[in-house]
Structures are given as structure tokens and as C-alpha cells.
Amino acid sequence: MGKIKPIISIIVPVYNVEKYINRCIESILAQTFSDFELILINDGSTDKSGTFCEYYAKEDSRIKVIHINNGGVSNARNTGIALAQGNYLMFCDSDDYVETNWCSELYETIKQGGNILPVSGIRFVYQIRKQKEEIIKVFPKKESFDKGKYFETYKKGLSGSLCCKIYDRKIIVENSIFFDIKVNRGEDLLFNLNYMSHMESFVTVPTITYNYVHSNEFSLMNGYRKDLFDIALMVYYAWKNYFKQNNVDTEQIEGFATYYYLNFLNVLQNTFDKRNKEKLVKKLIYNNRILNSSEFTECIELADTSKEDSRYIKLLKTNNYYLVWFLEQAIKLKKYLLRNKSLFRFSYFKRN
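Just so you know, the residues in each chain are numbered from 1, in the order the chain's sequence is written. Only residues with pLDDT of 70 or above have their local features reported here, since the model is predicted, and side-chain atom pairs are shown and tallied only from 80 upward, although totals for entire chains, interfaces and linings are computed over all residues. Where side-chain values are given, they derive from all heavy atoms of the structure, hydrogens and water being excluded.

Trainee: How should I be thinking about the sheet that holds strand β3 (residues 63–68) in this particular structure?
Mentor: Hydrogen bonds along the backbone pair up the strands of a sheet, which may run parallel or antiparallel. DSSP calls a pair of strands paired once it identifies at least 2 bridges connecting them. In this description a helix means any DSSP run of H or I spanning at least four residues, a strand means any run of E spanning at least two, and both kinds are numbered starting from the N terminus. The five strands lie next to each other as β3-β2-β1-β4-β9, forming an open sheet whose pairing is mixed. Lying at the two open borders of the sheet, with one neighbouring strand each, are β3 and β9 (167–168). Of the pairings in the sheet, the one linking strand β2 (residues 36–43) to β3 comprises six bridges and is parallel in character. Paired with I41 across the two strands is I66, which belongs to β3.

Here's what the structure looks like:
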């Protein structure tokens, strides 16, 4: 008799996480739902991560360890998808950990039938140096939404992640939905948008099942990115294409424009991150390119900017970042002078 296939395949890319991999694996093995296989893709780790994975594989027959040359997280996930035997796929990052109800909550939802994508809540754990902060993002109730409303979960910080969802492997294989190995930021969202195009709806699960850990202040998510504008454009057009395919209403498109207008402002700030060693002139030229892009122009025209300084918005609409920068410096100088007004007076009397 052949081995019975598992219901769920859990895919975990592993790369130099010897400090966290035990916590990740043990949280998965502690699931109340037990009919799964755990595929650990050791992506060329140079620390003891691979050794720890092998130890757990000897202790639990549900675990498979695959050692590959380092090719990035997208390549590792694609490797896991190709090897998976389960009817459904779930993904976990090796420095994160899951709640005991992670599999059960999402599986109970998807097995109700229909082309649906279940989405649960997440606890974001920020642990930088000795400081720890938790932010919880969870849906108020279980509810089904047409896929045209999927952007609403993105604004909540939940649709981009893979890890609070469960996927139908048959849909993924039949439609060749894989991760783009050339992309190292935003790849989760691109995968989700591709997958959602084959769904009818998504279902919110009002439970926290996943703990997303930020422990490195200079990680890919938090650090300076020289190519942040290019990444923003890639995601921007992925959403635009999704809206076009799924007949999204005008109200959502305006909401998207507002969200992305603010995102472009964040990209402008990223240019002046202290880790960017370019000369000031190059930084100004780069940001001027952003303001002159058709994407920024489209967003600021459609965005709801009613709560912002109308003079600043008017200046942005000139598509001249040099003027914007000079205004920002003038505002900073004014605030500095007002804040140090008493200090200047003291210095004057001391000299006289």
C-alpha cells in the first residue's frame, strides 16, 4: 500500500537562521492539526541551520529537508511547491513562528468549498535590540468578499503576506503560479495577485494565527533600498493590472491612488536615508524623476489630499522636486529656530 498523501504541505525556506529555526519548527509541530508534511528548503545556509533541520527530520517523519545552493527565497519556495504532495499549501518564514491554530483555522475555512482564499490575522512582533513592540492586525468577523475588494486587505497589511493564508495546490500547478526569482521585494504580493485572479472571493478569518517577527532593523523590509522606486512601480502596475482584470469600482481606484501617493512620498524620503551615500545633487535628480513620472502624477490627481496642506500639494503638482526640497529645508530651519529661540537669547546676554 502506497503512502497516504498529506492534506497540507507546509513550505519553509531556511537561510542562516540558526537563532530562530528551532522556534519556527517547534511551533509548526505543535499544531492541533497534524495531517501535514513540513518541507524545509535549506537555501545554502552557512551556519548550523541545515544541521538543526536534519535533527528535526530524524525526530518526525513528516519533515523533509532539501539542501540546495543559495538562490533566494523565491527559488526556495518554488522548489518546495514542486516537491509538495498535499492538497493545500501553506508558507512560513524561518525566523517567524505560528500559533497552534494556524493550520486548523485556515483549513476549516477552505474545506467549505468554492474558489476562495482564506486570510487570517497576524501579530507583528518588532524586537529591535532590547525593545519589543507588538502590533495586531485582525479582522472583526468571518466574512466573504468578492475578489474585487482584495485591495482592502492590502491596506490593512494582510494581503501581501503569504503566511496568513492557505492555497489550493491544484490551482497553483494547473496555472503555473510560481514566484519570480528576479524579484526580492514584493514577490509575495505578486504571487497573491496572480493566485487571486483564479479565485472567486477571499474569506476573512477573525483569528491571529501567525507571528511575523522583525528582529533586524537593517533587514530587507526596514533598510534603505536603492531600487525602492522601481519596486514601487512594479507593485503599482501589478495592482493596476489586477483592477483591470477584475472590474474594480472607481471608489477603490481612488483609494488606491491615495495609498500609493503616500507610498511615493515614502520613496522620496527613502532617498535621503543616511545609508544612501550618493551626493545631494544625485539624490535631488532621482527624486525629481519620481515627481515627473506619469505614475506619481496620476496618483496625486486622483488621491484624496483634503487633509493635507494645500500649498504643499500644489507644489508637488508642479513636478519640480527642487522647489519641494527647498520648501522642506525652509520649514526645518524655521522649526529649529523656534525650538532654539530661548537658547539664542541666552547666548546673546552671556556675550554682552
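Trainee: Explanation requested: the packing of helix α9 (residues 250–271) against helix α10 (residues 280–291) in the structure shown.
Mentor: To describe two helices that pack against each other, one gives the angle between their axes and the distance between the axes. Note on geometry: axes are lines fitted to C-alpha atoms, helical ones only across the stretch in contact, with angles between N-to-C directions running from 0 to 180 degrees. Running from amino to carboxyl end, α9 crosses α10 at an angle of 170°, the nearest separation of the two axes being 9 Å. Between α9 and α10, the angle is such that the two are roughly antiparallel. In this structure, α9 contributes V267, L268 and T271 to the contact, and α10 contributes K283, Y286, N287, I290 and L291. Class assignment for the residues of the contact of α9 with α10 results in five nonpolar, two polar and one charged. With respect to orientation, any angle under 35 degrees is reported as roughly parallel, any angle over 145 as roughly antiparallel, any angle of 65 to 115 as roughly perpendicular, and every other angle as oblique. The criterion used for residue contact is that any of the two residues' heavy atoms lie within 4.5 Å. Only Asp, Glu, Lys and Arg are considered charged in this grouping, and only Ala, Val, Leu, Ile, Met, Phe, Trp, Tyr, Cys and Pro are considered nonpolar; every other residue, Gly among them, is considered polar.

Trainee: Got a minute to help me understand the pairing of strand β4 (residues 88–91) in this structure?
Mentor: The classification of residues rests on relative accessible area computed with a 1.4 Å probe and restricted to protein chains. Under 20% of the type maximum is buried, over 50% is exposed, and intermediate values are partly exposed. Burial along β4 is two-sided: Y88 and M90 and L89 and F91, pointing in opposite directions, are all buried. One ladder, built from four bridges, connects strand β1 (residues 8–14) with β4; its direction is parallel. If you follow I10 over to β4, its bridge partner there is M90. Looking at chain direction, β4 and β9 are connected through two bridges and run antiparallel. By the bridge assignment, L89 is partnered in β9 with Y167.

Trainee: Sorry if this is basic, but what is going on with the packing of helix α7 (residues 187–196) against helix α8 (residues 228–245) here?
Mentor: Where α7 contacts α8, the two axes come as close as 10 Å, and the packing angle between them is 10°. One finds that α7 runs roughly parallel with respect to α8. From α7, L189, L190, L193 and M196 reach across to α8, where they touch M234, V235, A238, W239 and Y242. For the contact of α7 with α8, the class distribution of residues is nine nonpolar, no polar and no charged.

So, to be careful, I would describe these as geometric facts and stop short of saying anything about function.
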